[in-house]
Amino acid sequence: MNALSQTSCNPRIVESARRRLGDRVEAEAYVASVCFKHGPPRLVGVELEWVVHHEDDPRRPLDRHSLTAALGPYAPRTLNEDSPALPLPAGSPLTLEPGGQVEISALPQTSLGRLFDVVTADLTFLRDLLAAGGLVLGDRAADRHRPPRRLLDTPRYAAMEQVFEPIGPHGLTMMCATAGLQVCLDAGEPDAAADRFTAVCALGPVLVAAFANSPGEGWASSRLRSVLATDPPRSAPSPIVADPVGRWARRVVDTPVLCVRGPGARWATPRDMTFADWLAGAWPEPPTTDDLDYHLSTMFPPVRPHGYLEVRYLDAQRGDSWLTPVALLTALLASPDTVDAVLDACLPVGDRWLTAARQGLADPDLARAAATVFDLGARALPRTGLGHDLTASVLADLDRVQRRSTP
């Protein structure tokens, strides 16, 4: 039984989820408690997105009818409200992004090998589903053929577009024309969690540069360019600080509320009302812990604490090469020794997000850090239990990436 179904059938949990928040101190304490859940690192999960095209003409706009027909009973209810929304055969839920990008959310696994098997099975099935409807998955992390257009009409996505549009064009592009690779890792034990979070953040520019896969208009990762420019208070990188938990809690409370949910098809989008303002009485109804949970879901930094660490900075990769950055991250976070070495290598370039998105590994400092990180990861990979053949494949892929960056 999943967490959602437990909540729906347990009145005590429902009441707790709707508990009113009294003040900022209580809200920050709640954020810290739900966003950084401690425990031994055991699980790894991935969420893989792809832009979808018509096979005969990638420039032709995608439409709801074609996508609904192709996905059949696996279509999510955001696309077809009458769909049974079946999970894919290996258990992964199938969801859609606002522009019709498909997403496989593989359930967390205790081994990379098992995760690879699950994703491979469900991805093969998804490709066959789409192919029968004349559709294919794109091989880049940004749509090169069509302007961004919202396909799904939900209250959440309508509110996002309404809020992002006045800021600039990047919000709609991020929502409707990009695809990311998200890696989900355990936060770790209390004495190691801050270093693990800092290491994942500091790795960001290096791995963005190494695995950029959305070239366009002079950018190696045009996808990340769009994400960072969407709405900086909610999409900017978390700064590297001594107390990431407290800093994140304060940031969440100080970020403007994207929307206030209601019963209708369109939700209120109060202008410039932070969650702190809401706590202070800026909205007629005081916020609850459920409202704060939803507010957390509208934060889009490159690394989002979500009970676990949700790594959001990677471009979608071609084919099965998604495994390479996932295995590298897992290996680098596998022991305190490698975490310390990652911090030494990456902290000097840990703030170069835009340089990484623009230049990739053409930047010499990022290329040097990547070489160190790749060497660390290569030596740690055998301890991940990935298996000989997949380990060899990942090592070969890392070698290809590194050779691309060598003049």
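Anything mentioned here points back to the structure above.
Computed from a predicted structure; not experimentally measured. (Residues numbered from 1 in each chain as written. Predicted model: local features only at pLDDT ≥ 70, side-chain atom pairs only at ≥ 80, totals over all residues. Heavy atoms only, no water.)

**Some words on the overall build of the chain**
Summing up its helical and strand segments, the chain has 18 helices and eight strands in all. Radius of gyration (C-alpha) of the chain: 21 Å, near the 22 Å computed for a compact globule of 407 residues. Dimensions of the chain along its principal axes, counting C-alpha atoms only, are 60 × 50 × 40 Å. Taking all 407 residues of the chain together, the buried fraction comes to 52%. Residue pairs at least 24 apart in sequence account for 72% of intrachain contacts in the chain once pairs closer than 6 positions are excluded. Within the structure as shown, the chain displays about 17700 Å² of accessible surface, and the carbon and sulfur contribution to it stands at 53%. (Helix = DSSP H or I, 4+ residues; strand = E, 2+ residues; numbered from the N terminus. Rg over C-alpha atoms; globule rule 2.2 N^0.38 Å. Buried < 20%, exposed > 50% of the residue type's maximum accessible area, 1.4 Å probe, protein only. Contact = heavy atoms within 4.5 Å. Areas by Shrake-Rupley, 256 points an atom, 1.4 Å probe, with all protein chains shown as cover.)

**A look at a negative patch on the surface**
A cluster of acidic residues, Glu189, Asp191, Asp195, Asp337, Asp340 and Asp344, forms a negative patch at the surface. Only α8 (190-210) and α15 (336-346) provide two or more residues apiece to the negative patch. Sort the elements by how many residues they give to the negative patch and α15 lands first, with three residues. Along the chain, Asp195 turns up in helix α8. What makes Asp195 partly exposed here is its relative accessible area of 36%. (Patch = residues over 30% accessible without salt bridge, like charges linked within 9 Å, V, L, I, M, F, W, Y side chains within 5 Å. Salt bridge = Lys/Arg side-chain N within 4 Å of Asp/Glu carboxyl O. Lys, Arg positive; Asp, Glu negative; His and termini not counted. Charge placed at Lys NZ, Arg CZ, Asp CG, Glu CD.)

**A short note on unusual backbone geometry**
The phi angle at Glu217 is positive, at roughly 55°, despite the residue not being glycine. In this fold, Glu217 is placed in the loop between α8 and α9 (222-230). Unusually for a residue other than glycine, Asp272 sits at a positive phi of about 60°.

**As for the packing of aromatic side chains**
Applying the stated rule across the entire model yields seven aromatic pairs. Centroid distance Trp267 to Tyr294: 5.9 Å. Interplanar angle 80°. Geometry classified as edge-to-face. In this pair, Trp267 is assigned in the loop between α11 (244-254) and α12 (275-279) and Tyr294 in helix α13 (residues 289-297), connecting sequence segments 27 residues apart. Just as Trp267 is buried, Tyr294 falls in that class too. (Phe/Tyr/Trp six-rings, centres within 6.5 Å; stacked < 30°, edge-to-face > 60°.)

**A word on the nonpolar core**
Counting residues in each nonpolar core, the largest one holds 120 residues, and the members touching the most others are Leu67, Leu203, Tyr313 and Trp322. Ranked by the residues each element gives to this core, the list is headed by α8, at eleven residues. Contact partners of Trp322, with chain neighbours within four places excluded, come to Val46, Leu48, Leu115, Phe116, Val119, Leu181 and Gln317. (Core = buried A, V, L, I, M, F, W, Y, C linked by side-chain atoms within 4.5 Å.)

**Quick word on the sheet that holds strand β3 (residues 94-96)**
Read across the open sheet, the six strands follow the order β3-β4-β1-β6-β8-β7; overall the sheet is antiparallel. Each having just a single partner strand, β3 and β7 (303-305) make up the two edges of the open sheet. Taken pair by pair, the neighbouring strands of this sheet meet at an average axis angle of 20°, ignoring direction. Sheet topology note: the strand β6 (residues 180-185)/strand β8 (residues 309-315) ladder contains five bridges and is antiparallel. (Pairing = 2+ DSSP bridges. Axes fitted to C-alpha atoms, helices over the stretch in contact; angles between N-to-C directions.)

**Re empty space enclosed by the protein**
Gaps between atoms show up when a probe of the same size as a water molecule is rolled over them. Enumeration according to the criterion identifies two cavities of 30 Å³ or more in this entry. The computed volume of the largest cavity comes to approximately 70 Å³. Val257, Leu258, Cys259, Arg261, Phe275, Trp278, Asp291, Tyr294, His295 and Thr298 together form the lining of the largest cavity. Broken down by secondary-structure element, the contributors of at least two residues to the lining of the largest cavity are α12 and α13. Among the elements that make up the lining of the largest cavity, the one with the highest residue count is α13 (three residues). Residues that form the lining of the largest cavity fall into these classes: six nonpolar, two polar and two charged. What lines the second largest cavity is Leu48, Glu49, Trp50, Gly180, Leu181, Ala316, Gln317, Gly319 and Trp322. Contributing elements (two or more residues each) for the lining of the second largest cavity: β1 (44-50) and β6. Top contributing element to the lining of the second largest cavity by residue count: β1, with three residues. When the residues that make up the lining of the second largest cavity are grouped by side-chain class, the tally is five nonpolar, three polar and one charged. (1 Å grid on protein atoms, 1.4 Å probe; cavity = no way out; pocket = protein on both sides within 12 Å on 5 of 7 lines; lining within 4 Å. Points joined across faces, edges and corners; volume = space filled by probe spheres on them. Nonpolar A, V, L, I, M, F, W, Y, C, P; charged D, E, K, R; others polar.)

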